[in-house]
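Below are the chains, spelled out letter by letter.
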2 protein chains.
Amino acid sequence: MADEPISEKKRPATLGDVARLAGVSASTVSRALSRPDLVNEATRERITWAVSRLGYIPHGAARALAGRGHRAVGVVIPSLRFGVFAELVETIQARLDEAGFGILLGHTGGDPEREYEQARALVERGVDALVLIGNAQQPRLLRLITDVGVPVVTAFDYDESSALPCVGVDNEAAGRCLAEHLLDQGYDEIAIITQPTLSNDRSGKRVDGVASALRQIGRAVRPEFLIECDGLAPSARDAMGALLGGEKRPRAVVCFSDLMAIAATAECRAQGIAVPGEIAIAGFSGIGLSDMVDPPLTSVRIPAVEIGDLIAERLLAHLMDRAAVGSALVAHELLLRESTGALREL
Amino acid sequence: MADEPISEKKRPATLGDVARLAGVSASTVSRALSRPDLVNEATRERITWAVSRLGYIPHGAARALAGRGHRAVGVVIPSLRFGVFAELVETIQARLDEAGFGILLGHTGGDPEREYEQARALVERGVDALVLIGNAQQPRLLRLITDVGVPVVTAFDYDESSALPCVGVDNEAAGRCLAEHLLDQGYDEIAIITQPTLSNDRSGKRVDGVASALRQIGRAVRPEFLIECDGLAPSARDAMGALLGGEKRPRAVVCFSDLMAIAATAECRAQGIAVPGEIAIAGFSGIGLSDMVDPPLTSVRIPAVEIGDLIAERLLAHLMDRAAVGSALVAHELLLRESTGALREL
DNA sequence: GATATTATTGCAAGCGCTTGCAGTTTGAAG
DNA sequence: CTTCAAACTGCAAGCGCTTGCAATAATATC
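Because the structure is a prediction, the values reported are computed rather than measured.

1. As for the nonpolar core
Judged by nonpolar contacts, the single largest core of 165 residues is most densely connected at I281 of chain A together with I281 of chain B. Here this core gets eight residues from one element, more than from any other, and that element is helix α11 (residues 258-270) of chain A. In contact with I281 of chain A, other than residues within four places in its own chain, are M240, V253, C255, A261, A264, T265, C268, V275, L297, T298, S339 and T340 of chain A. Grouped together as the second largest cluster of nonpolar side chains are 32 residues, I57, L122, L144 and V152 of chain B included.

This is the structure in structure tokens:
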């Protein structure tokens, strides 16, 4: 009954409306809202009342323009379809939200060109900081970043020599570690199914890691055992099909995502090839499903949530207290499961 | 060599800077940027030159404030961890991006309370429209929406009587359709593993659908066969364990997401129960992996991409041309696969 | 040639909110 | 009773960009 709005209809209430209703100046309302301690308690209460009476909602753009910053950070990722990115985004959003920051999203589909565009669009939109994936940004993007002066943190790949602060794992070590495990198990011909390594430095480094492990024992990755696909299940399965149909068959296949590994396993199953036993298959990322499939999948867990937390933390420290942001190396973890179990004697 | 910035350092270039450099007024620059046809070609070229010379990037907040709208829409979802939401978000982002709109994200974790908060935060942030999930918004949220007057479209559930325009499937029909298939196959004791139905109207309606199918043949869902879990793999697996450990075992289990179904299957496998044969398991959503697991999973596909497209389309039509937004029913699709194959005679 | 159009551009008034600075009030100290 | 600091508030000046309106220049109509 006390709810009928004063104004005729549309126009949302402004600071001024609240001020008028509360019988104070706009400045006071503004302060009451952002620095309550500066305002007399009685006044503040009257203002609070007016605010809810009018259903007043501060106008973000006006605030941003008047110098408070936009309170938003942009996150540019290849695609939400890959679980790790979704987890990263969700974690960052949750953490920043607590501090009143929102997040704006951009997808690249793995295209560096689009990465630039998306980042730029987000900057234009006014983000106070940017999160990018990996450490292989185009020079153009790097230039934009320094020109505009937005703080940036990159995710998922730790690289000492990165131009930007980064939080991630040592992908080369991760690749090597997985390969060594395979070698230990007796699988010596290792193939790789990966996303395009040109636009994906994480994959590139993992390949290097595998190659490095092979080199230790005097071998190398055969060119025909390195297959790129778009990262989704169908194309990964095709890739496995190609591997299986080749002259020589690999004894082990490492896929740079669990999704691809599961697809590869499906192809083996379809062709009646035992996993493990005839072929070992390993994944990457350690998504929640990897231990629910048959056989449970060996994988290198990439702690997306931890990375997201560390990034959010850094961003906030910088945004709130202007603290310098530094890089952080987080540990990957080898999840040993059946898919790379013992080799069956042939 | 011709790249040294005029200004000493920081302050990003403004419209005024460009105007000065190009020897015109700010208004002209503004027009050259947003309505090129209104500006003389020669002038426009000079402006373009000045823009790139200065690396000028328009200030989003100022634009928004000056009346162009924020060019952003907010999307509030339970969690990106569920593939369908990630797909929805990605699709919407991609489509809106083409039109120069960005998207702001909010996660609720399935909590209606947080849904309100997140929606409000997004409104405050200035989104021009909102996308919500399902049709069970709190009255409070509905009020906020009408108060502020933001256009809203809800996703994933089609409901004629919804207060808001919605784009989605008929969840009750989807549930019924899956149950009927199970019944056809001879599985007559159907259990359900679901996310909490209180905060999730889609699940509630699916339950209704299953119940309705059962009622057709004079049966009902036994209370102990309706189990809620948080929707993630581990808890779904536990739920399956509970089902298996009960007095009476169900003959079929429908899970309201493929992820849960895969987890449930894992539990059966661990207990040496044949799927199908002893127990049939079906999922929901039709994620890319569902036909790669063993056994391939029967599922009801919810076309997230199509829904996202339709929503983006509607939003844009409204945002650009003020067209009214209406609801749309999209078809679900029963994907018949082995996990609900023939019942084995006991 | 004179007048009506049309094409370009500049002016100035904000959009809604934050903030430095200054005025007012009040209580304490001298 | 003054004097002064502390506690509140209000004033006014923007933040960077868009836009209706007016002014000027260029082109077209009689």
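There is more to say after this.
2. A few points about the sheet that holds strand β6 (residues 190-194) of chain A
Residues and elements named next belong to chain A. Here we have six strands laid out as an open sheet, ordered β7-β6-β8-β9-β10-β12, and mixed in their pairing. Bordering the open sheet on either side are β7 (226-228) and β12 (333-335), each of which pairs with just one other strand. Strand after strand, the sheet turns through a mean of 20° between neighbouring axes, direction not considered. In this structure, β6 lies alongside β7, joined through three bridges in parallel fashion. Bridge pairing links T194 to E228 in β7. In this fold helix α8 (residues 171-184) packs onto β6, β8 (252-255), β9 (280-285), β10 (298-301) and β12, with an angle of close to 160° to the strand it touches most, β9. Contacting β6, β7, β8 and β9, helix α10 (residues 233-245) runs over the sheet at an angle of about 155° to β6.

3. Digging into the environment of D184 of chain A
Looking at the element boundaries, D184 of chain A is found in helix α8. Along the sequence, D184 of chain A and A342 of chain A sit 158 residues apart, while their C-alpha atoms lie 9.6 Å from each other.

4. A short note on the protein's contact with DNA strand D
Contacts to DNA strand D come from 22 residues, most closely from T28 and T43 of chain A together with L15, S30 and Y56 of chain B. Taking the atoms of DNA strand D that fall within 4 Å of the protein, sugar and phosphate contribute 61% of them. For DNA strand D, a phosphate oxygen lies 2.4 Å from a polar atom in the backbone of L15 of chain B. R31 of chain B is positioned with one of its side-chain polar atoms (N or O) 3.4 Å from a base oxygen of DNA strand D. Contributing elements (two or more residues each) for the surface near DNA strand D: α2 (26-34) and α4 (60-68) of chain A together with α2 (26-34) and α4 (60-68) of chain B. Residues of the surface near DNA strand D, tallied by class, amount to ten nonpolar, nine polar and three charged.

5. Some thoughts on the domain arrangement of chain A
All names here are of chain A. On domain assignment, one finds that chain A holds domain 1 (15-58), domain 2 (70-169 + 304-331) and domain 3 (171-302 + 334-340). With centres defined by C-alpha atoms, the gap from domain 2 to domain 3 works out at 28 Å. In this complex, domain 2 contributes 18 residues to the contact, which on the side of domain 3 involves ten residues. Overall, the association of domain 2 and domain 3 removes approximately 1,100 Å² of surface from exposure, summing both partners, and the carbon and sulfur fraction of that is 57%. Applying the counting rule to domain 2 against domain 3 returns two salt bridges. Run the count over domain 2 and domain 3 and you get eight residue pairs in polar contact (both at pLDDT 80 or more). Secondary-structure elements contributing two or more residues to the side of domain 2 that touches domain 3 are α5 (83-98), β4 (152-157) and α12 (304-321). Residue composition of the side of domain 2 that touches domain 3, by class: twelve nonpolar, three polar and three charged.

6. As for the interface of chain B and chain A
Taken together, the contacts link 55 residues of chain B with 55 residues of chain A. The contact between chain B and chain A buries some 4,400 Å² in all, and 58% of this surface belongs to carbon and sulfur atoms. The interface formed by chain B and chain A holds eight salt bridges in total. For R81 of chain B, the salt bridge is made with E87 of chain A, and the minimal N-O distance between the two is 3.8 Å. Linking chain B with chain A are 25 residue pairs in polar contact (both at pLDDT 80 or more). At the level of elements, α4, α5 (83-98), β2 (102-107), α6 (112-125), α7 (139-148), α10 (233-245) and α11 (258-270) of chain B are the ones that each hand at least two residues to the side of chain B that touches chain A.

Procedures and definitions
Residues numbered from 1 in each chain as written. Chains lettered and ligands numbered in written order. Predicted model: local features only at pLDDT ≥ 70, side-chain atom pairs only at ≥ 80, totals over all residues. Heavy atoms only, no water. Core = buried A, V, L, I, M, F, W, Y, C linked by side-chain atoms within 4.5 Å. Buried < 20%, exposed > 50% of the residue type's maximum accessible area, 1.4 Å probe, protein only. Helix = DSSP H or I, 4+ residues; strand = E, 2+ residues; numbered from the N terminus. Contact = heavy atoms within 4.5 Å. Pairing = 2+ DSSP bridges. Axes fitted to C-alpha atoms, helices over the stretch in contact; angles between N-to-C directions. Near = heavy atom within 4 Å. Polar contact = N/O pair within 3.5 Å; in protein donor to acceptor, adjacent residues only side chain to side chain. Nonpolar A, V, L, I, M, F, W, Y, C, P; charged D, E, K, R; others polar. Domains from an automatic or database assignment. Buried area = accessible area lost by both parts, 1.4 Å probe. Salt bridge = Lys/Arg side-chain N within 4 Å of Asp/Glu carboxyl O.

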